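Residues per chain, in single letters:
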Amino acid sequence: MNKTFFHRYLSAGSLALAAMLTLGSCDALFDDAPEDKLTDESIWTSENLLDEYTMAWYGNMNKGWGAMMSTSSFFGMKYMSYITPAFYADQTTYGVANWVNSGVGEEMASKESTVIFYGGNRWKAYYLQIQSVNRLLENADRMPATYKKRILGEAHFFRAYYYYMLMQRFGGVLLIDHSYDPLHSDERFARAGYAQMADFIAREAELAAEALPLKHDNRNTGRVTKGAALMLKAKTYFWVGSPQFQNKDKEYYGFADDKSREYMLKAIEAYKAVEALGLYKLMPVSGSKQADIAQSYHDLFLQHNNAESILEYQHGESRLTSEGAHSLDQMAMPPVLTGTQCAYCPTQNHVEEYGMRDGKAFDPQNPYANRDYRFYANVLYDGTTFRDSVMEMHYTVDAKGKEVAQSGIAKYGTGRNNGFSRTGYYMRKFLDPKTPYPYKDNEGSKQNYPIWRYAELLLDHAEAAFRTGDSKTALEKVNQVRQRAHMQPLASVTLAQILNERRVEMAFEETTYWDEIRLGTALKNLNGATNPLRLMKIVYKKDGTKTYTVEELKNQKAERAFRDYQYYGPIPWDEVRFQGIEQNKGWTEK
């Protein structure tokens, strides 16, 4: 989205649902409307007001970098915490000790009251957008033909998108396709099964694809397109065809038998439809030396809306917080480079996911040599250079034999809870070394947040192909992704290799978390007791030798927990009682 469109997008927070606004204005935009209230007629017949109306749909997508990790309970601030879903997986952890008491920290530890609170907020937010879409669709006949098609395409896309988001978190939910006021209606809704959910979302995505353009003009860059709609259809089939949702005892948890092959085949056809548009491609990575290749790959994630992007959350082109800037660099940058919060510290678990290249053997005394090029692009480690500074992520031994933490892993400042890496690593992916920080007042960072990109499509397609017996296509798709990163192609491929390639290519993106849910591996991998996060401790000895020791982080059992019933989140209890529906198994009302 360009600056003009994005400024409108930010104003959507106050405009929300345009038809409900009460405001006075001297602006020509509102000259024909009563000064105390915008009428329905003024909304549905004005392209500008309709654009404002749709902005809330965009504003409630996963925004990734709009992060806050407050531990204060003042006016409920603790429970306003937000961070990208990637944070909940095992690839990263936080470096500020008291974040365990933030809303995010409590959700990671599965504190039931916090999980229920967050679940209720998400349920309400998504249904608010769905009701907004329903209201617009019921007024479609009042829109002028000049922009009606595009607006309706967006409406169908977002009705599908928010039902997809609900299904990810809650399983089968209430399919409401018309305006609904529970205070004045006796209508009640049953929970939909997975087949019904998949059919509804796919049909909405198809309607969106029929109406939306392949591309937008510069004024509307960032709006959803035909490709995004087809990708949503594919993602829906891919989700319901995944292992977690087969052979279930209730239809709103999945299918009574195994429908994996049927839905993976549908997903493949939808992914092919996106590819057939000819709009998307893997962005090239240049260079012949390790540092150049890593830098070229890294820089892809600083670009806005390139040819690999299918859908991304638009944070704007400026660094002004009023126009969408966020705090990623300040939150994630090492304290020695003026970062303040150590919000994303890669784990040793993740580092070990990067394989070796060119047939080289792993050397435990030189563990960072000859790794996948993406490792150097994604992770800051001991001895690497970033922003013209050598990262000292190790200990030295002083004259008394005491191990002394060096600058990269030392706490800065006098605050008891000041952060530093607990793992021996900092995130490099997404960070912009050219962003000035500490930020000036009202400024921040401007990286967009990737929701779907072409590399993910290829890896989805590879997994779906493998699960349906087409290992040749699976190998071809995986190797496209690997070779873009200058990694040697595989001669054959296994499911484990496909899943590992996803974790490396999609590192620190929300896909890594949702894969744990759909694959049914969250119970094992999101629990500190069964998959403790690990760190790398490096000690430089006086004799010039180094020791590399992998250790478990402390307090993992308390800080990271996931129960078997959390694959399906808690539906708000008021909704359960009012609709007369079953709550997801395992949740009890306090």
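Residues numbered from 1 in each chain as written. Predicted model: local features only at pLDDT ≥ 70, side-chain atom pairs only at ≥ 80, totals over all residues. Heavy atoms only, no water.

## A look at the nonpolar core
Definition in use: Only buried residues count toward a nonpolar core. Its members are Ala, Val, Leu, Ile, Met, Phe, Trp, Tyr and Cys residues joined through side-chain atoms within 4.5 Å. Buried residues are those whose accessible area, probed at 1.4 Å on protein chains only, stays under 20% of the maximum for their type, while exposed residues exceed 50% and partly exposed ones sit between those limits. Numbering of helices and strands runs from the N terminus, with a helix taken as a DSSP run of H or I at least four residues long and a strand as a DSSP run of E at least two residues long. In this analysis, two residues are considered to be in contact whenever any of their non-hydrogen atoms come within 4.5 Å of each other.
Counting residues in hydrophobic clusters, the biggest one holds 159 residues, and the most contacted among them are Leu136, Phe157, Phe158, Tyr163 and Trp452. When residues in this core are grouped by element, the largest group, 15 residues, is from helix α6 (residues 145-170). With near-sequence residues (within four places) excluded, tryptophan 452 lies in contact with Phe157, Tyr161, Tyr164, Ala228, Met231, Leu232, Lys235, Ser309, Ile310 and Leu311.

## Overview of the packing of aromatic side chains
To keep it simple, the criterion reads: Paired rings are identified among Phe, Tyr and Trp, the last through its six-membered ring, by centres lying within 6.5 Å, and are further divided according to the angle between planes into stacked (under 30 degrees), edge-to-face (over 60) and tilted (the rest).
Under the definition given, this model contains 44 aromatic pairs. Geometrically, the ring pair formed by tyrosine 53 and tryptophan 57 is edge-to-face, given 6.0 Å between the ring centres and 90° between the ring planes. Residue tyrosine 53 and its partner tryptophan 57 are located together in helix α3 (residues 47-59), separated by four residues, close to a single helical turn. On the basis of relative accessible area, tryptophan 57 is assigned to the buried category, the value being 0%. Among the aromatic residues, those joined into a ring-pair cluster are Tyr88, Tyr194, Tyr237, Trp239, Phe245, Tyr252, Tyr253, Phe255, Tyr263, Tyr513, Trp514 and Tyr568.

## Digging into the confidence of the model for the protein chain
Just so we agree on the cut-off: Confidence scores here are pLDDT values: one per residue, from the predictor, ranging 0 to 100.
Summary statistics for the protein chain give a mean pLDDT of 90 and a share of 91% for residues scoring 70 or more. Note that pLDDT drops below 50 for residues 3-37; the model gives that stretch 69 contacts with residues more than four away or on any other chain.

## Quick look at the sheet that holds strand β8 (residues 403-405)
For the record, the criterion: A pair of strands is labelled paired if DSSP reports no fewer than 2 bridges between them. Between the N-to-C directions of two axes lies an angle of 0 to 180 degrees, each axis being a line fitted to C-alpha atoms and, for a helix, fitted only over the stretch in contact.
Pairing is mixed across the open sheet formed by four strands, whose spatial order is β8-β7-β11-β12. Edge positions in the sheet fall to β8 and β12 (546-552), since each of these pairs with one other strand and no more. If you compare each strand with its neighbour and ignore which way they point, the axes differ by 30° on average. As defined by bridge partners, strand β7 (residues 395-397) adjoins β8 across three bridges and the pair is classed as antiparallel. Paired with threonine 396 across the two strands is valine 404, which belongs to β8.

## Section: the packing of α3 against helix α5 (residues 112-137)
Spelled out, the test is: Oblique is the label for every angle not falling under 35 degrees (roughly parallel), over 145 degrees (roughly antiparallel), or within 65 to 115 degrees (roughly perpendicular). Less than a right angle of anticlockwise turn of the near helix away from the far helix marks a crossing as left-handed, whereas a clockwise turn marks it as right-handed.
At their nearest, the axes of α3 and α5 sit 9 Å apart, and the two run at 150° to each other. In terms of orientation, α3 and α5 fall into the roughly antiparallel class. You can see that α3 and α5 cross each other, and the crossing is left-handed. Of the residues in α5, those in contact with Leu50, Tyr53, Ala56 and Trp57 of α3 are Gln129, Ser132, Val133, Arg135 and Leu136.

## Thoughts on the pattern of salt bridges
Under the convention used in this document: Salt bridges are counted wherever a side-chain nitrogen of Lys or Arg sits within 4 Å of a carboxyl oxygen of Asp or Glu.
Throughout the structure, instances matching the rule amount to 47 salt bridges. Between glutamate 206 and lysine 233 there is a salt bridge; the shortest N-O distance is 2.8 Å. Of this pair, glutamate 206 sits in helix α7 (residues 194-211) while lysine 233 sits in helix α8 (residues 226-240), placing them 27 residues apart in sequence. Here glutamate 206 falls in the partly exposed class, since its relative accessible area comes to 24%. By relative accessible area, which is 18% here, lysine 233 ends up buried. Between arginine 482 and glutamate 501 there is a salt bridge, with its nearest N and O atoms 3.3 Å apart. Within this pair, whereas arginine 482 is found in helix α15 (residues 471-484), its partner glutamate 501 is found in helix α16 (residues 495-505), the two being separated by 19 residues in sequence. With respect to burial, arginine 482 and glutamate 501 carry one shared label: buried. The network of salt bridges with shared partners includes Glu308, Asp372, Arg374, Lys429, Arg453, Arg482, Arg484, Glu501, Glu505 and Glu509.

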